[in-house]
Amino acid sequence: MSGYTYLETTVEDGVARIELNRPDHFNALNRAMVREVIEAAEAFDQDERVVVILVTGRGRAFSSGADIDEMMADDPVSLERLNPFADWDRLALIKKPIIGAVHGFVFGGGFELALCCDLVIAAAHTEFSFPEVQLGVMPGAGGTQRLTKLVGRTKALEWLFTGERIQAEAALAHAVINRIVHPEALQEEAMRLAKELAKKPPLSLRMIKDSVNKAVDASLYEGMQYERKNFYLLFASEDQTEGMQAFVEKRTPHFKGR
């Protein structure tokens, strides 16, 4: 047992696995569940055993979206008071790589959670959607922003205006996901990738993620200056010394994240 109500978590070979565990509701995201995901990710971000975080879902779907029953009584004042999306802001501050392994339905808030991942592997026949427009609302946890940065204004508006279901092949073509695998191989392939990354120098992974995230909003010049500082910073690490020494000595490096 992981100690969470809506999650199961494990750590193995440098990989922390966060599994959404509300399968009888297609892993619909109520606020307590979102908070647990954030808290688990933050804990693993500080855990020296962990290099990579893997997020997946139990049952027939990654996540069908927000828990509508929970939201029906909301009004502007209650939402301002609760500030439910503040938890989502914390997810963007996770420094370690996050891999999403998704299947079935990836709708609404589930789609937003997938967009928060750095790499996404999808099972064949997975469907993505922002159906909020059908409910008289819109994405509120970053969906309009992250989707637009990935696919561009025109395609984002089409998907958001219509609420259509996007097949995995279309998601791959528009770089929303990284690869498609056979459904039965999803967990194995996702863990294989996560363990492969977990063998890399942790500080390099963090600095690469930091620099790429900077590139999303910065000018080319600003991004290059930021990249340069991170490059220089890594030369203060033990892993840089080990990596280059191992290369010269033609042996496998042993990285420690220091």
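This is a predicted model, so every value here is computed, not measured.

Let us look at the sheet that holds strand β5 (residues 105-107). Spatially, β5-β7-β8 is the arrangement adopted by the 3 strands of the open sheet, whose pairing is mixed. On the outer flanks of this sheet lie β5 and β8 (166-167), each paired with one strand and no other.

Orientation of helix α10 (residues 202-217) relative to helix α11 (residues 220-234), taken along the N-to-C sense of each, is 170°, at an axis distance of 9 Å. By the angle between their directions, the pair α10 and α11 is classed as roughly antiparallel. Residues L203, S204, M207, D210, S211 and K214 of α10 form the contact with α11, whose own contacting residues are Y226, E227, N230, L233 and L234.

Of all 5 residues that make up strand β6 (residues 119-123), 4 are buried, and the element is covered over most of its length. Bridge analysis of strand β4 (residues 98-102) against β6 gives 4 bridges, and the strand direction is parallel. Paired with G100 across the strands is V120, a residue of β6. Of the strand pairs in this sheet, β6 and strand β9 (residues 179-181) are connected by 3 bridges, and their pairing is parallel. Bridge pairing in β9 links A123 to V181.

Residue pairs three or four apart in sequence face the same way in an α-helix, which turns once every 3.6 residues. For helix α1 (residues 31-45), which comprises 15 residues, the first-to-last C-alpha distance of 21 Å matches the rise-based estimate of 21 Å (1.5 Å per residue) to within 8%. Along α1, the residues that are buried comprise R31, M33, V34, E36, V37, I38, A40, A41, F44 and D45.

F111, F128, L147 and V176 are the most contacted members of the largest nonpolar core, which has 43 residues in total. Ranked by residue count, the leading element in this core is α1, at 7 residues. Among all residues touching L147, those that are not within four sequence positions of it are F111, L115, F130, G152, A156, W159, L160 and V176. Among the nonpolar cores identified, the runner-up in size contains 17 residues, and V52, A101, A190 and L205 belong to it.

For the rest of this paragraph, the subject is a nonpolar patch on the surface. A cluster of nonpolar side chains, contributed by I68, M71, M72, L135 and V137, occupies part of the molecular surface with about 490 Å² of accessible area. With respect to the helices and strands, M71 occurs in helix α2 (residues 68-71).

Here N83, not a glycine, exhibits a phi torsion of approximately 45°, which is positive. Judged by relative accessible area, which is 46%, N83 ranks as partly exposed. For H125, which is not glycine, the phi dihedral falls at a positive 75°. Its place among the elements puts H125 in the loop between β6 and β7 (127-129).

As a further point, take α10. End to end, α10 covers 24 Å across 16 residues, agreeing with the expected 22 Å (1.5 Å per residue, within 8%). All buried positions along α10 are accounted for by P202, L205, M207, K209 and S211. Elements in contact with the buried residues of α10: β4, α9 (186-198), α11 and α12 (238-249).

Conventions used here
- Counting from 1, residues in each chain are numbered in the order their sequence is written.
- Confidence filtering applies because this is a predicted model: local features only for residues at pLDDT of at least 70, side-chain atom pairs given and counted only at 80 or more, and all residues used for totals across whole chains, interfaces and linings.
- The basis for every side-chain value is the complete set of non-hydrogen atoms in the structure, without hydrogens or water.
- Two strands are counted as paired when DSSP detects at least two bridges linking them.
- Helix numbering and strand numbering both begin at the N terminus, where a helix is a DSSP run of H or I of at least 4 residues and a strand a DSSP run of E of at least 2.
- As a rule, the C-alpha atoms of each element are fitted with a line to give its axis, helices using only the stretch in contact, and angles between N-to-C directions run from 0 to 180 degrees.
- Oblique is the label for every angle not falling under 35 degrees (roughly parallel), over 145 degrees (roughly antiparallel), or within 65 to 115 degrees (roughly perpendicular).
- Residue contacts are counted whenever heavy atoms from the two residues lie within 4.5 Å of one another.
- Only protein chains enter the area calculation, which uses a 1.4 Å probe; residues under 20% of their type maximum are buried, those over 50% are exposed, and those in between are partly exposed.
- Any helix carries an expected span of 1.5 Å times its number of residues minus one.
- Here, the term nonpolar core denotes a set of buried Ala, Val, Leu, Ile, Met, Phe, Trp, Tyr and Cys residues that are joined through side-chain atoms within 4.5 Å.
- Patches in this entry comprise residues that are over 30% relatively accessible and not in a salt bridge; like charges within 9 Å are linked, as are nonpolar side chains (Val, Leu, Ile, Met, Phe, Trp, Tyr) within 5 Å.
- Using a 1.4 Å probe, accessible areas were evaluated by the Shrake-Rupley method; residue-level cover was limited to the displayed protein chains.
- Any carboxyl oxygen of Asp or Glu within 4 Å of a side-chain nitrogen of Lys or Arg constitutes a salt bridge here.

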